[in-house]
Amino acid sequence: MNAKGKRILNKFNICATIVVAFSIYVIFISDYNYLKIVEYDAEIKELKMQIAATRDSFKIYEKKLNALDSDPETLEKVVREEYQMKRKNEDVYIVNEK
């Protein structure tokens, strides 16, 4: 090879080395590297799923609250079943089914 060809090959090697080094820096070392971006995307996806689940449970509890506020029979049922409350002149018998 002549001197001109060696110079061109040497410049190409330097450029290729710089590109490879920059790529490695961007992918693995920098603050916003590809691995962190993938990790953050997975975390965002998980948090969005948690938000959706929380919204669903919020809607369920909101419906229950509205039922308790608007329907006195539902309120009485919940109070009697969950809190074992009774009126003053009542006797309550608890039957355990097997």
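Scroll up for the structure.
Residues numbered from 1 in each chain as written. Predicted model: local features only at pLDDT ≥ 70, side-chain atom pairs only at ≥ 80, totals over all residues. Heavy atoms only, no water.

**Side note on the overall build of the protein**
Inference 1: Along its length, the protein carries three helices and zero strands.
Inference 2: In sequence order, the secondary structure elements of the protein are arranged as α-α-α.
Inference 3: Scaling as 2.2 N^0.38, a compact globule of 98 residues should have a C-alpha radius of gyration of about 13 Å, whereas the protein reaches 35 Å, well beyond that.
Inference 4: By principal-axis analysis of the C-alpha atoms, the protein measures approximately 110 × 35 × 20 Å.
Inference 5: In the protein, which comprises 98 residues, the share counted as buried stands at 2%.
Inference 6: Just so you have it, the protein exposes about 9,900 Å², and 61% of that area is on carbon and sulfur atoms.
Inference 7: Mean positive and mean negative side-chain charge positions of the protein (17 and 16 charges, respectively) differ by 17 Å. (Helix = DSSP H or I, 4+ residues; strand = E, 2+ residues; numbered from the N terminus. Rg over C-alpha atoms; globule rule 2.2 N^0.38 Å. Buried < 20%, exposed > 50% of the residue type's maximum accessible area, 1.4 Å probe, protein only. Areas by Shrake-Rupley, 256 points an atom, 1.4 Å probe, with all protein chains shown as cover. Lys, Arg positive; Asp, Glu negative; His and termini not counted. Charge placed at Lys NZ, Arg CZ, Asp CG, Glu CD.)

**Observations concerning the environment of Ser57**
Inference 1: Of note, Ser57 is situated in helix 2 (residues 34-70).
Inference 2: In this structure the side chain of Ser57 is engaged in a polar contact, spanning 3.0 Å, whose partner is the backbone oxygen of Thr54. (Polar contact = N/O pair within 3.5 Å; in protein donor to acceptor, adjacent residues only side chain to side chain.)

**With respect to the pattern of salt bridges**
Any two side chains of opposite charge can pair, given that their charged atoms come close.
Inference 1: Following the criterion strictly, the structure yields three salt bridges and no others.
Inference 2: The salt bridge partner of Glu76 is Arg87, with a shortest N-O separation of 3.1 Å. Remark: Arg87 occurs in the segment after helix 3 (72-83) and Glu76 occurs in helix 3; sequence separation between them is eleven residues.
Inference 3: For Arg87, a relative accessible area of 47% puts it in the partly exposed group.
Inference 4: The partner of Glu90 in a salt bridge is Arg80, with the nearest N and O atoms 2.9 Å apart. With Glu90 in the segment after helix 3 and Arg80 in helix 3, this residue pair connects regions lying ten residues apart in the sequence.
Inference 5: On the accessibility criterion, Glu90 (22% relative accessible area) is partly exposed.
Inference 6: Among the charged side chains, a salt-bridge network with shared partners connects Glu76, Arg80, Arg87 and Glu90. (Salt bridge = Lys/Arg side-chain N within 4 Å of Asp/Glu carboxyl O.)

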